[in-house]
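# Working through the structure, step by step
One-letter residues, chain by chain:
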Amino acid sequence: MPQREMSREQAWMLPSSLDDMLAAEHPARFAAAFVDGLSRREWREMGVEVDGGWMGAPSYHPRALLGVWIYGFMTGVRSSRKLETACREQIPFLWLSGRQCPDHNTLWRFYKGNRLEMRKLLKRTVKTAVNLDLVELAVQAVDGSKVWANASGDRTLDKAGLRRLLERVDKAIEDLEAQNEEGEGAGAARMPRELSEQKELRERVRRAMREVEDDEARQVNLTDEDARLMKGRGRIIGPAYNVQVVVSPTESERGVRGMMITAAEVTDDPNDAFQLAPMVEAAEEATGVQAEVTLADAGYHSGSNLAESEARGWRVVMPESQQRALSHSYHKDRFIYDAESDSYLCPQGERLRFTRMKVTRGTPMRLYRAGGRVCRACPAFGVCTTDGRHGRALEVGPYEEALRRHRELMLTDGARERYRRRMGLVEPAFGIIKERMAARRFLLRGLRNVAAEWSLLAVAFNLRTLWRAWADRITRPRRPSRAVPSNQPVLQPAT
């Protein structure tokens, strides 16, 4: 078989054009279309001046810098130094920057100065998808996941550990100050820098000690003080953040399916239960529509969440946090309440009467008991309860009715069928972000900065979804489909 001639000195027969090298359906073109479509009002809301000034050296256009950052997040390039290299070597980045090569300092200054305001871009991606009738607003799923912080687990200390470290740092500072005063040869020139680093460490330790002053068990990470020790997959424990998303399914008029993140937040609380209401609220604000059903896993299950959902008209489908307990033949739900006598009738026909109020994990509970003598004589003793002295006890909280109604809902075929969609709807979103977009670990530190980074990851995720629908539209012949109202925006490739 003959071979093609090959020469690394081959010259262009005509002047080269980057635009010719980029396919019409390339995602970089869609990223540029999204950035170029931002109005002046939206740029002003982000605090970015797009016109530039009359004096000084020319600066890079914000469209070029934002386009590079967004496409970098879409493809897993989130470091300013890696973006600088990409702007010199990779055709999509060269095309986005207009064949300019901003260095990492320029890219970082733009990102640092505007990343908090870039969070507004998430709502724009959602509204674009809603206006194009891509989002199925009847159902949504909420879930959380742990993303590692940019910090080492070895730097996470409790109050005793901080006290020991502070003693070592004070001793090191004392030695360095003594050596610096003596001016011991060549080493003296390095003392001020080492001394400054130790004093900075001492200040961080003192600040951390103030945070744990009233809590001996609390731990603080000296590298990222907002990060908390959390358990990830494989029971690995390390400094991390709890990221939250609300995801709705999408389907284009040509049948291209995907997922759209309608809300994204970050918290330093490893417990998901307190995030349900804020996330549903954020999704409703972004879409302008209240979803018919919200799917959630057992981590969000609580009486307060169910009661609040009922009060707000949210229909939430989620399993019990302790599903096995429900199958017990003497579960609390097997006891029948008698409002007239304020008592419960057990499956064996004995009555449990109100005894007193108590507080369990901060929640006021009503305590009902049958009595030790009654329970010891019962044939279910040892199965229902093993407390022969006080007898079976029921703790009834303020959300008992909401819990029972939800359990009845979860027994229906409709609720079970809807819940089966949860895993396939929301969990792939985390997989794509962590694997394909290389975001298993945050690059920034501090809760506010990490929240901005997570929001931009959600923006990039949504743009990947919108790009697939857009690319399919321009690469396949149009088929008869439902009409799109003329007032709905249609994204076009950037020229």
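Because the structure is a prediction, the values reported are computed rather than measured.

On to the overall build of the protein, then. For the protein, the helix and strand inventory stands at 18 helices and 13 strands. At 30 Å, the protein has a C-alpha radius of gyration far larger than the 23 Å of a compact globule built from 495 residues. The dimensions of the protein, computed from C-alpha atoms along their principal axes, are 100 × 85 × 60 Å. Per-residue burial over the protein gives 45% buried out of 495 residues. Taking all contacts inside the protein whose residues are at least 6 apart in sequence as the whole, residues at least 24 apart take part in 68%. By element, 49% of the accessible surface of the protein is carried by carbon and sulfur atoms, the whole surface being about 27,500 Å².

Okay, the environment of Asp333 next. In this fold, Asp333 is placed in the loop between α13 (323-326) and β9 (336-338). Asp333 sits in the partly exposed class, given a relative accessible area of 28%. C-alpha separation for the pair Asp333 and Ser252, spaced 81 residues apart in sequence, amounts to 45 Å. When near neighbours in sequence (up to four residues on either side) are disregarded, Asp333 contacts Leu326, Glu400, Arg404 and Arg407. Here Arg407 takes part through its side chain, which lies 2.7 Å from a polar atom of the side chain of Asp333.

On to the pairing of strand β13 (residues 393-396), then. Because side chains alternate across β13, one face comprises the buried residues Leu394 and Val396, and the other comprises Ala393 and Glu395, none of which is buried. Across four bridges, strand β12 (residues 363-369) lies against β13 in antiparallel orientation. Bridge pairing in β13 places Arg366 opposite Val396.

Moving on: the packing of aromatic side chains. For any pair of aromatic rings, the description rests on two quantities: the centre-to-centre distance and the angle between the ring planes. Counting across every chain of the model gives twelve aromatic pairs. Between Tyr241 and Phe442, the aromatic rings sit 6.0 Å apart at their centres with planes inclined by 80°, giving edge-to-face as the arrangement. Note that Tyr241 is positioned in strand β5 (residues 237-251) and Phe442 in the loop between α17 (421-436) and α18 (447-475), a separation of 201 residues in sequence. The pair Tyr241 / Phe442 is uniform in exposure class, with both members buried. Put simply, the rings of Trp69, Phe73, Trp108 and Tyr111 touch in pairs and so form one group of aromatic residues. The ring of Tyr111 is capped by Arg115, whose NZ or CZ atom sits 5.8 Å from the centre of that ring. A cation over an aromatic ring shows up here: Arg366 above the ring of Phe354, its NZ or CZ 3.9 Å from the ring centre.

Attention now goes to the nonpolar core. Leu66, Ile70, Leu121 and Trp454 are the most contacted members of the largest nonpolar core, which totals 82 residues. Sorting elements by how many residues they give to this core places α18 first, with 14 residues. When near neighbours in sequence (up to four residues on either side) are disregarded, Leu66 contacts Val35, Leu38, Trp43, Met46, Phe110, Met118 and Leu121.

What follows concerns a nonpolar patch on the surface. On the surface, Trp12, Met21 and Ile91 cluster together into a nonpolar patch covering about 310 Å² of accessible area. With respect to the helices and strands, the residue Trp12 is situated in the segment before α1 (18-21).

Two elements in contact, helix α4 (residues 62-74) and helix α5 (residues 80-89), have axes separated by 11 Å at closest approach and are oriented at 105°. One way to sum up the angle between α4 and α5 is to call them roughly perpendicular. When α4 is examined against α5, the residues Val68, Trp69 and Gly72 are found in contact with a partner set consisting of Ser80, Leu83 and Cys87.

Here we come to the state of the cysteines. Overall, the coordinates contain zero disulfides when judged by the stated rule. Cys101 forms no disulfide, and the closest cysteine sulfur to it belongs to Cys87, at a distance of 6.8 Å. Classification of Cys101 by relative accessible area gives partly exposed; the value is 28%. Of all cysteine sulfurs, the one in Cys378 lies closest to Cys346, which takes part in no disulfide; the gap is 5.8 Å. Judged by relative accessible area, which is 12%, Cys346 ranks as buried.

Residues of the protein with pLDDT of at least 70 account for 90%, and the chain-wide mean is 86. Below pLDDT 50 for its whole length, residues 481-495 participates in 24 contacts with residues either more than four positions away or in separate chains.

Rules and cut-offs
Residues numbered from 1 in each chain as written. Predicted model: local features only at pLDDT ≥ 70, side-chain atom pairs only at ≥ 80, totals over all residues. Heavy atoms only, no water. Helix = DSSP H or I, 4+ residues; strand = E, 2+ residues; numbered from the N terminus. Rg over C-alpha atoms; globule rule 2.2 N^0.38 Å. Buried < 20%, exposed > 50% of the residue type's maximum accessible area, 1.4 Å probe, protein only. Contact = heavy atoms within 4.5 Å. Areas by Shrake-Rupley, 256 points an atom, 1.4 Å probe, with all protein chains shown as cover. Polar contact = N/O pair within 3.5 Å; in protein donor to acceptor, adjacent residues only side chain to side chain. Pairing = 2+ DSSP bridges. Phe/Tyr/Trp six-rings, centres within 6.5 Å; stacked < 30°, edge-to-face > 60°. Lys NZ or Arg CZ within 6 Å of the ring centre and 35° of its normal. Core = buried A, V, L, I, M, F, W, Y, C linked by side-chain atoms within 4.5 Å. Patch = residues over 30% accessible without salt bridge, like charges linked within 9 Å, V, L, I, M, F, W, Y side chains within 5 Å. Salt bridge = Lys/Arg side-chain N within 4 Å of Asp/Glu carboxyl O. Axes fitted to C-alpha atoms, helices over the stretch in contact; angles between N-to-C directions. Parallel < 35°, antiparallel > 145°, perpendicular 65-115°, else oblique. Disulfide = S-S within 2.5 Å. pLDDT = per-residue confidence, 0-100.

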